[in-house]
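# Structural description and commentary
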Amino acid sequence: MTLATAPQRSTAADAGRAARPRPDHGAWFLVLPALIPILVLSVGPLLYGIGLAFTDAQSGRTQATRFVGLLNFSDLFQDSLFWDSFRIGLVWAFGVTVPQFLLALGLALLLNLNLRLRWLARALAIIPWAMPEVVVGIMWRLVYHPDAGVLNETLRSLGLSGADGRDWLSGLATALPAVIVVGVWAGMPQTTVTLLAGLQNVPRELHEAASMDGAGAWRRFRTVTWPAIRPIALAVTALNFIWNFNSFALVFVLTDGGPGGRTRLPMLFAYEEAFRYGQFGYAATMGLAMVAVISVLLAVYLAGRLKGADDR
């Protein structure tokens, strides 16, 4: 009896092993074309920057780079100029991200309506997105020009006092708000397109059913539209905050961090330390600190928003 059942058990085990899916090692060759650029252009520089933050690397040095441990981090925590720059970066990021989202949401709701020439309005709405940041910065420098700028000319024609010769990008009180306006204008189209794509996926039957129940426009938005686009809004807000905090080219062209450091974002500060003063190790420490702090802030933000969504 035992001899008869042993081959059967062996045959069943062999059949199970034959039916078990085998790993397809050839699939890695299909992933490599997309994986290699990520490793070379993203992961590699990130790891190199992390290692550089623990050294005294400088430009033009004849001596070998030395490992200094946490010395750069100790200096960074005592650097008041960097923390002032970090505070300005947070003000810039929040000041751009919040109005950018609110205005983009309103524009997306408008473009989602069945209006005449809607295709033209959608095409015009994404023009700022198609323009390079350097071009946007140069264009807005002309808008803010103290003598021949469009803004001062408009204010002057309206008879508003104090418009003559006002240099919006050089004033200590007006430089940062002026740059924030440009950031909102330049980044709003991308958020608008993302939210518009989410709005178009909301079933119209839900709106029709809510209308039949007597719900007004605000109630339909609060109970039908917003719950449907909430995940998209959460994702685009988090991404916009990261992109805005890491802004460089736009502010560099507009003010170069001036006047008096009032618009010196952390990326501009790190750029100056690395390429103007040659402190590569210290600049890498700044970048690593910014990544760590922003990651913590985003983790707290996303955890709170997701917890609120689960409670509902």
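Residues numbered from 1 in each chain as written. Predicted model: local features only at pLDDT ≥ 70, side-chain atom pairs only at ≥ 80, totals over all residues. Heavy atoms only, no water.

## A word on the pattern of salt bridges
All chains considered together, the criterion is met by 5 salt bridges. Here R156 and E153 are joined by a salt bridge, their closest N and O atoms 2.8 Å apart. Placement of the pair is R156 and E153 together in helix α8 (residues 150-157), with a separation of 3 residues, close to one helical turn. Across the pair D256 and R276 runs a salt bridge whose closest N-O atoms are separated by 3.9 Å. (Salt bridge = Lys/Arg side-chain N within 4 Å of Asp/Glu carboxyl O. Helix = DSSP H or I, 4+ residues; strand = E, 2+ residues; numbered from the N terminus.)

## Thoughts on unusual backbone geometry
Of all residues except glycine, most have a negative phi; of all peptide bonds, most are trans. Following G258, the chain continues to P259 via a peptide bond in cis, the omega torsion being -5°. Here P259 is to be found in the loop between α12 (249-254) and α13 (266-276). The phi torsion at D256 lies on the positive side, around 55°, for a residue other than glycine. Within the secondary structure, D256 is located in the loop between α12 and α13.

## Looking at the confidence of the model for the protein chain
Confidence in the prediction for the protein chain averages 84 pLDDT; 88% of positions are at 70 or higher. Note that residues 1-6 has pLDDT below 50 and, in this model, 0 contacts with residues that lie over four places away or in other chains. (pLDDT = per-residue confidence, 0-100. Contact = heavy atoms within 4.5 Å.)

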